[in-house]
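Per-entry structural report
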Amino acid sequence: MATFDSTKHQHTRFNPLTGQWILVSPHRMQRPWSGQEEQPQRIDLPDFDPNNPLCPGVIRANGVKNPIYTSTFVFTNDFPALLEDVPLPPKDDDPLFKTGGARGTCKVMCFHPKSNKTLPLMTPKEIRSVIDAWIKEYNLLSSKYPWVQIFENKGASMGCSNPHPHCQIWACSFLPNEPYLKDENLRRYFQTHGAPLLEDYVEKEIIRKERIVLENPDWLVVVPFWASWPFETMVVSRNGNRRISDLNQQQINNLAIVIKELTTKYDNLFKCSFPYSMGWHGAPTGDFSNSDSHWTLHAVYYPPLLRSATVRKFMVGFELLCQAQRDLTPEHAAAKLRQLCGKKHYTEHI
Ligand code: H2U
């Protein structure tokens, strides 16, 4: 039998953050595609649309008029999934009908007054304003809630409901599943190895190099060894930061550059406004704040595209019923992203 080659032979990989395995099947990269194709995304948006409720000066669904904002703009979601003041469910001791209380708040943050901007098309200074606004909201909400989730859904295929650059911030009274799993796994690693898992991981990826997309003294961007989505990346703090609120000015400046370069590479990959869901994970807050030495601040990008602007990966069938599966290896994805230009956006050439 031939010797194992990770670029050719199927294998499983362990995600130490979630404790779950993924299946990698690189031999399938050659198969012909005859599945669904999506419509290419429109990129010729106007910079202002009087009917778009996220634009400056426009009246939103609840009748409130947005200010004529010139940088970022934050408001409480008019259709929030979490409300602050609601009755708690009664206790039920039946293990098959457990419920829990859920309180919180949901906010929307516009990144820029112009609808036709996205992060890769914004200047590092404009992106810095977004990071500053993230930190401001995080500080406000984390004093009250154990979990504050900053996330951006970019592109209609990832559930973005409005073609204006924005993200959402949800704060909740409970630790949601993903952060809960990470907290447990990071803590266990720290107890066994005496160091934060992601600090050890960064050190090893810097030596191995094959999954690095971008790096600077403050940030490392890799396609994780255990990535599920084809071009998934993780942006990890290299300074022992545990939460986004720990960042200093230089780290914020360098993060703005990293976000611009990574999202420019993403757009340049298939020459489209590259869709993704991204978000920040750091140590829990509120009552959980005291025990956090096992955490390292990081962002994750989950983009669905696989082969082109119109051919995406679906997490269905085996993924839904068993575990995530990928064809393209993380190393191959990282090499593709690494060699793409991160300084010039493809629209500058057309
Ligand atoms: P998404 O594109 O990620 O769906 O975020 C847009 C959010 O903006 C969405 O959650 C809110 C929606 O509820 N929204 C308002 O709060 N008011 C509006 O008038 C329109 C959209």
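Everything discussed here concerns the structure shown above.
As the structure is a prediction and not an experimental result, all values here were calculated from the model.

Moving on, we come to the nonpolar core. A general feature of soluble globular proteins is that nonpolar side chains tend to end up buried together. Counting residues in each nonpolar core, the largest one holds 50 residues, and the members touching the most others are Ile131, Trp134, Phe231, Val235, Ile244 and Trp280. If one sorts the elements of this core by residue count, helix α4 (residues 249-270) sits on top with nine residues. With sequence-adjacent residues up to four places away left out, valine 235 is seen in contact with Trp219, Leu220, Val221, Leu255, Val258, Leu262, Leu297, His298, Ala299 and Tyr301.

For the structure on display, the rule yields 15 aromatic pairs. An aromatic cluster is present here, built from Phe231, Tyr266, Phe270, Phe274, Tyr276 and Tyr301 joined pairwise through their rings. The ring centre of phenylalanine 225 lies 4.3 Å from the NZ or CZ of arginine 13, which sits over that ring. Stacked on the ring of phenylalanine 314, the Lys or Arg arginine 312 has its end atom at 4.9 Å from the ring centre.

Moving on to the pairing of strand β4 (residues 104-110). Two faces, one strand: in a regular strand the side chains alternate between the faces of the sheet. Across the seven residues that make up β4, a large majority, seven, are buried. Of the two faces of β4, the one holding Gly104, Cys106, Val108 and Cys110 and the one holding Thr105, Lys107 and Met109 are both buried throughout. Here strand β3 (residues 73-76) pairs with β4 via four bridges, running antiparallel. Paired with threonine 76 across the bridge in β4 is lysine 107.

Thresholds, definitions, all that
Residues numbered from 1 in each chain as written. Predicted model: local features only at pLDDT ≥ 70, side-chain atom pairs only at ≥ 80, totals over all residues. Heavy atoms only, no water. Core = buried A, V, L, I, M, F, W, Y, C linked by side-chain atoms within 4.5 Å. Buried < 20%, exposed > 50% of the residue type's maximum accessible area, 1.4 Å probe, protein only. Helix = DSSP H or I, 4+ residues; strand = E, 2+ residues; numbered from the N terminus. Contact = heavy atoms within 4.5 Å. Phe/Tyr/Trp six-rings, centres within 6.5 Å; stacked < 30°, edge-to-face > 60°. Lys NZ or Arg CZ within 6 Å of the ring centre and 35° of its normal. Pairing = 2+ DSSP bridges.

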